[in-house]
Amino acid sequence: MKKLMNSYCDRYSLHFNSTVFLFDSRLISPNLSPFQLNLKDGDEIDAAFQEDCIEIKVKGQYGFEASYVIRRTDPLRNIMDKYCLHYRLSFDAVGFLFDGRLTKPEETPYELGIQDGDEILVMLHMSACGGEINQVYFRMKRNTSMKKLMNSYCDRYSLHFNSTVFLFDSRLISPNLSPFQLNLKDGDEIDAAFKEDCIEIKVKGQYGFEVSYVIRRTDPLKNIMDKYCLHYRLNFDAVGFLFDGRLTKPEETPYELGIQDGDEILVMLHMSACGVLSFRMKFD
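Residues numbered from 1 in each chain as written. Predicted model: local features only at pLDDT ≥ 70, side-chain atom pairs only at ≥ 80, totals over all residues. Heavy atoms only, no water.

Undergrad: Account for the overall build of the protein chain, naming residues and giving values.
TA: Looking only at helices and strands, the protein chain features six helices and 16 strands. Per-residue burial over the protein chain gives 37% buried out of 284 residues. Once local pairs closer than 6 in sequence are excluded, the contacts in the protein chain between residues at least 24 apart make up 59%. Element-wise, carbon and sulfur atoms account for 48% of the exposed surface of the protein chain, whose accessible area totals about 18,100 Å². (Helix = DSSP H or I, 4+ residues; strand = E, 2+ residues; numbered from the N terminus. Buried < 20%, exposed > 50% of the residue type's maximum accessible area, 1.4 Å probe, protein only. Contact = heavy atoms within 4.5 Å. Areas by Shrake-Rupley, 256 points an atom, 1.4 Å probe, with all protein chains shown as cover.)

Undergrad: Lay out the nonpolar core with the relevant residues and their values.
TA: In summary, soluble globular proteins display a tendency toward joint burial of nonpolar side chains. In this structure, Ile56, Val58, Leu76, Tyr83, Phe96 and Ile114 are the most contacted members of the largest nonpolar core, which totals 20 residues. The greatest single-element share of this core, amounting to four residues, is contributed by helix α2 (residues 77–86). Excluding anything up to four places from it in sequence, Ile114 contacts Ile54, Ile56, Arg72, Leu76, Phe98, Pro109 and Ile120. Core analysis: the second largest hydrophobic core is formed by 18 residues, Ile215, Ile224, Cys229 and Val267 among them. (Core = buried A, V, L, I, M, F, W, Y, C linked by side-chain atoms within 4.5 Å.)

Undergrad: Mind laying out α2, listing which residues take part and the relevant values?
TA: Taken residue by residue, α2 has Ile79, Met80, Tyr83 and Cys84 as its buried positions. All buried residues of α2 lie within an arc of 135° about the axis, which places them on one face of the element. Those residues of α2 that are exposed and aimed more than 90 degrees away from the buried face are Leu85 and His86. Within two residues after α2, Arg88 carries a phi angle of roughly 55°, on the positive side. (Arc of directions from axis to C-beta.)

Undergrad: Kindly report on the environment of Ala193, identifying the contributing residues and their values.
TA: Structurally, Ala193 can be placed in strand β11 (residues 191–194). When the C-alpha positions of Ala193 and Leu167 are compared, they lie 8.1 Å apart, and in sequence the two are 26 residues distant.

Undergrad: Quick one: what's the story with the pattern of salt bridges, residue by residue and with numbers?
TA: Counting across every chain of the model gives seven salt bridges. The partner of Arg71 in a salt bridge is Asp74, and the shortest N-O contact between them spans 3.1 Å. Just as Arg71 is buried, Asp74 falls in that class too. Between Arg77 and Asp81 there is a salt bridge; the shortest N-O distance is 3.1 Å. Taken together, the residues span about one helical turn, with Arg77 and Asp81 both in helix α2 at a distance of four residues. (Salt bridge = Lys/Arg side-chain N within 4 Å of Asp/Glu carboxyl O.)

Undergrad: Describe the pairing of strand β1 (residues 19–23), with residues and values.
TA: The element β1 is largely enclosed, with a buried count of four among its five residues. With four bridges connecting them, β1 and strand β3 (residues 46–49) associate as antiparallel partners. Directly across from Val20, in β3, lies its bridge partner Ala48. Taken together, the two bridges between β1 and strand β2 (residues 26–27) define a ladder with antiparallel strand orientation. For Phe23, the partnering residue across the bridge sits in β2 and is Arg26. (Pairing = 2+ DSSP bridges.)

Undergrad: Go over the sheet that holds strand β15 (residues 246–247) with me, naming the residues and quoting the values.
TA: Read across the open sheet, the five strands follow the order β13-β12-β16-β14-β15; overall the sheet is mixed. With partners counted over all chains shown, the strands left at the sheet margins are β13 (210–216) and β15, one partner each.

Undergrad: So what's going on with the pairing of β13? Residues and values would help.
TA: Along a regular strand, successive side chains alternate from one face of the sheet to the other. Summarising burial for β13: five of the seven residues are buried, a large majority. When strand β12 (residues 198–204) meets β13, the two strands line up antiparallel, connected through seven bridges. Counterpart to Lys202 in the pairing with β13 is Ser212. In textbook terms, the turn of a hairpin is the stretch between consecutive antiparallel strands, and for β12 and β13 this stretch comprises five residues, one of which, Gly208, has a positive phi near 90°.

Take a look at the structure:
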């Protein structure tokens, strides 16, 4: 390929060492041949200034990782499409996150502040992350094990069963249980997520009330705050949720707060909710 590269640089008066050549968003070594690169007649090679390009690691479920070279001003859709094609994923079934935020296909590394060597995380597209809702409807008997539904979902989206978790009301669902045992009703929603993207958080109240919830690292804490208050019939505005001695906000995520698997959140009564007691003392 070095012969082609030299010809291109000579044609446009470019410095060889300042120019990179890409095929399928991967750097091309000058020492490789078209045969070794599996190039076909009519394939396109991209040329760019080296200083305009960065390498991004795209890491998905159960450790699938690929590195792509992209211009700082190119839309991320270029590498999103390639990743999904490579791992046979439905584009609409996944989301690409950088720094805990769902990225848009039209956004560029320059706009997002992505630097050379940074990592993008691939996870299931969830409405809580700001993406569109990806709903699938299943009809099943009340006494059938949930494993049948789980397998069908994983097969549909080319997901590994052991790397996917299914949640109902922010609780893990056992594959051996049935809709009847889970008290599922017609129209209820089950959430699916990559196991590596989820953590379990213990929410502990002032009187020892404790519940464990499973939540994605990028989901807002309001999801489990609402469930805790509903479970114990608490007024949401009358309580506060503390992590590491700090009052958390409903829109904050475990990722933003550094909450790890097994960490604990404390629920306490807001001082304003306790009311104010006044005392009048009389001295003889």
